[in-house]
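Report on the structure
Here is what each chain is made of, one letter per residue.
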Amino acid sequence: MNTPDPRVTAFAGLFGPAPDDFAVPVDWDAVEAWLGTGLPADYKAVAAAYGPLDLGAWLWLHVPCANRGWFDYGTWLQQARRAAAGVLPFGATRTADTLFWDTTASDDPDRWPVVMHCQDDENAGRDPWHRFGTPLLPTLARLVADGRLRPIAARSAMLTDLDPVAWTPPPRRPEPTQRQRAALTEGSGLEALSALIPPPREPVLGAHGWDWLYERLGTRLPTGYVTLMETYGSGEWCGWLRFGAPFGDGQYDLAPWAEWHTETYRDLRADFPEYHPLAVWPEPGGFLPFANSIDGDELGWLTEGADPDDWPLIVVPRHADQGPPLDGGGLTDTLLQWLRGHFAAEGLPRLGRRDEDPLDYIGFEPYGPEDE
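A brief report on the enclosed structure follows. Just so you know, these numbers come straight off a predicted model, no measurement behind them. (Residues numbered from 1 in each chain as written. Predicted model: local features only at pLDDT ≥ 70, side-chain atom pairs only at ≥ 80, totals over all residues. Heavy atoms only, no water.)

1. A look at helix H12 (residues 331-339)
Buried residues dominate H12, accounting for seven of its nine residues. Two residues or fewer past H12, Gly341 is found with a positive phi of approximately 85 degrees. (Buried < 20%, exposed > 50% of the residue type's maximum accessible area, 1.4 Å probe, protein only. Helix = DSSP H or I, 4+ residues; strand = E, 2+ residues; numbered from the N terminus.)

2. Looking at the sheet that holds strand E10 (residues 165-166)
Strands sit in the order E4-E3-E10 across an open sheet of three strands; the sheet is antiparallel. Since the sheet does not close on itself, it has two edges, and those belong to strand E4 (71-72) and E10, each with one partner. As judged from the two bridges shared by strand E3 (residues 65-67) and E4, these two strands associate in the antiparallel manner. Bridge assignment links Asn67 to a residue of E4, and that residue is Phe71. (Pairing = 2+ DSSP bridges.)

3. With respect to the sheet that holds strand E14 (residues 298-302)
If you walk across this open sheet you meet the six strands as E15-E14-E13-E12-E11-E16, and the pairing is antiparallel. A strand with exactly one partner marks an edge of an open sheet, and here the two such strands are strand E15 (313-316) and strand E16 (364-366). Across the sheet, the axes of successive neighbouring strands diverge by a mean angle of 30 degrees, strand direction being ignored. (Axes fitted to C-alpha atoms, helices over the stretch in contact; angles between N-to-C directions.)

4. Some thoughts on the pattern of salt bridges
Counted by the stated rule, this structure contains ten salt bridges. Arg126 is the salt-bridge partner of Asp121, the closest N and O atoms lying 2.7 Å from each other. Given a relative accessible area of 48%, Arg126 falls into the partly exposed group. Salt-bridge contacts for Arg148 lead to Asp146; the nearest nitrogen and oxygen are separated by 3.3 Å. Owing to a relative accessible area of 48%, Asp146 belongs among the partly exposed residues under this scheme. Each of the salt bridges in this network shares a partner with another, and the network as a whole consists of Arg266, Arg269 and Glu283. (Salt bridge = Lys/Arg side-chain N within 4 Å of Asp/Glu carboxyl O.)

5. Describing the pairing of strand E13 (residues 287-293)
Summarising burial for E13: seven of the seven residues are buried, a large majority. In this structure, strand E12 (residues 241-243) lies alongside E13, joined through three bridges in antiparallel fashion. Its bridge partner being in E13, Arg242 is matched across the sheet by Asn292. Where E13 and E14 come together, five bridges link them in antiparallel fashion. Directly across from Ala291, in E14, lies its bridge partner Leu299. Taken together, E13 and the strand that follows it, E14, pair antiparallel across an intervening segment of four residues, in which Gly296 is found at a positive phi of about 95 degrees.

6. Some remarks on a nonpolar patch on the surface
Residues Leu268, Phe272 and Tyr275 make up a contiguous nonpolar surface patch of about 300 Å² in total accessible area. Tyr275 sits in the exposed class, given a relative accessible area of 51%. (Patch = residues over 30% accessible without salt bridge, like charges linked within 9 Å, V, L, I, M, F, W, Y side chains within 5 Å. Areas by Shrake-Rupley, 256 points an atom, 1.4 Å probe, with all protein chains shown as cover.)

Take a look at the structure:
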């Protein structure tokens, strides 16, 4: 008879027993090798028993898992880890706060205290770091005792409709080449972009072709977009900007997504015209989206004029008022300047921190054929 793990028992005393179908298999040796550090034993025990959880309808406890097109543990962790050096993220709240372990406090992961980065405090100019001074389980117990965290647990809301699967750590990134280093500051266009971020061998475009897409949309598309897609295909840039397959007919591929978004925008414009001032395709000069961010921002063209190569780029931001068209040039050069840290806009935030090596966090992750 197996002896219950006391750490899981303690967690169950706060949030109830683990349902049978929540857990996701985790290769902890592989995860820790990829991270370059061990992880706290209480976290591993709880994660193995429960899987990804929404604690008290407030705190998402992330574990190594993946969901096609929506959540990848490695991508999330690398994005959250940029908040500061010496911390390792494990959770996030519904109020945009991130929970970390302070890995500088001890060589023993079981002694790492929890710290929380509070976005509202940072926005208000206050110290955003809340230091609990205790490891994971004592911190959760304290939050429950203080009434800040309700003693209930459920599968994470972001994973409710998408069954989480085991996560495989990606191969370690090879050392940047001199050509990549040079492309951070030199060159333009697709040649510089390809030097900076080598494209995949076989771009995933979908099952159809350009004629199919043009007939479905009722227009040709800018040459820069066509060339970029034929070079890189569908995928995700920097864990932020997502390009659906142009020849696919799945929900998140270019044509179906553009059709859904323009119809939705038109409905919102009818109810809230002050927040949705754009015409949308096929209206004259209307917005035609071709990419979106993980935060719900849309990148597309204003279809002004007969020549698609003259269409200006514009972002429809989710959390800000509508801004003007972008002035970063065409799609490829705008993307290149964004990767270099020389361009930012609402919906295309500045990447990384000044003390980080850009080649540690910029990149392109192609979608596989199963993602179409």
